[in-house]
Amino acid sequence: MHVLLSGIVGSTAYGLAHAGSDIDRLGLYAVPTAELHGLHSPAESHVTTAPDRTLHEAAKWCRLALGCNPTASELVWLPADLYEVRTDLGEELIALRRTFLSAKAVRNSYLGYAAQQFRKLGSRDRSDPQGLDRAAKHARHLVRLVGQGLALHETGELTVRLAEPERVRALGERFARTPDDAAALLAEAEARFDRPGVLPDAPDQTPVEAWLRQVRAVHYTPAG
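Presented here is an overview of the structure given in this document. Here the structure is a predicted model, which is why all the values come from computation and not from measurement.

## Digging into the nonpolar core
Counting 63 residues, the largest nonpolar core has Leu28, Trp61, Phe100 and Trp211 as the members making the most contacts within it. Per-element accounting of this core gives the leading share, 10 residues, to helix α6 (residues 129-155). If sequence neighbours within four positions are ignored, leucine 28 has contacts with His2, Val3, Leu4, Leu5, Leu55, His56, Ala58, Trp61, Leu75, Leu93 and Trp211.

This is the structure we're talking about:
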């Protein structure tokens, strides 16, 4: 396994971490190309919990990013100080980050994940402190996803480190206690997504394909 790009993501990256927060890491790797030629395909992801790290094989990461998966996509938008592995191929991928974006995928992914957090928020038992804490976490994710998705739709840029983390925390506490208040935030986001944005209708897969083929060429060793 050759790690091409890896960094710290999650609450630490967003500026929402607190004492005791886990440090989450995300990265992508290339398998030796010859392993793709056999009867059995190599694993596409490696996930560990000690430490908390998720690594996706290069092709899988590209598919996730072309679908504008919020968790995968943030890897190429991290602040420079959060990268722990940054190879030449990783640098090239960062330079391609806008080619993965498309209007429909950003809307579906970010609003879809936000709506999922809204459902989880409403289903939590908020009668005890632990349940309230979990509800607040769902609410913070909802607020973040809405903000990041709208930024992509309206500017074509993703800012991983939140400009106002205290505001996000405050809204998280508020929505945890009154989940219905979050419905207005989602409705406003849907209305803004209905307006024309700056993203293309489809991602530009040509440079992504070229990058992935370069990865395969670099990591190919002929048998014998």
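## Quick word on the pairing of strand β3 (residues 45-49)
Relative to strand β4 (residues 52-57), β3 runs antiparallel, the two being bridged by 5 bridges. Along β4, the bridge assignment pairs threonine 48 with arginine 53.

## A closer look at the environment of threonine 54
Its place among the elements puts threonine 54 in strand β4. Non-local contacts of threonine 54, meaning those with residues more than four positions away in its chain, are made with Arg25, Leu26, Gly27, His46 and Val47.

## Points about the pattern of salt bridges
Summed over the entire model, instances satisfying the criterion amount to 12 salt bridges. Across the pair glutamate 84 and arginine 25 runs a salt bridge whose closest N-O atoms are separated by 2.7 Å. In this pair, glutamate 84 is assigned in strand β5 (residues 83-86) and arginine 25 in strand β2 (residues 24-30), connecting sequence segments 59 residues apart. Residue class for glutamate 84 comes out partly exposed when judged on its relative accessible area of 42%. The salt bridge involving glutamate 157 is made with arginine 98; its shortest N-O contact spans 2.7 Å. With glutamate 157 in the loop between α6 and α7 (165-177) and arginine 98 in the loop between α4 (88-95) and α5 (103-123), this residue pair connects regions lying 59 residues apart in the sequence.

Basis of the calculations
- Residues numbered from 1 in each chain as written.
- Predicted model: local features only at pLDDT ≥ 70, side-chain atom pairs only at ≥ 80, totals over all residues.
- Heavy atoms only, no water.
- Core = buried A, V, L, I, M, F, W, Y, C linked by side-chain atoms within 4.5 Å.
- Buried < 20%, exposed > 50% of the residue type's maximum accessible area, 1.4 Å probe, protein only.
- Helix = DSSP H or I, 4+ residues; strand = E, 2+ residues; numbered from the N terminus.
- Contact = heavy atoms within 4.5 Å.
- Pairing = 2+ DSSP bridges.
- Salt bridge = Lys/Arg side-chain N within 4 Å of Asp/Glu carboxyl O.

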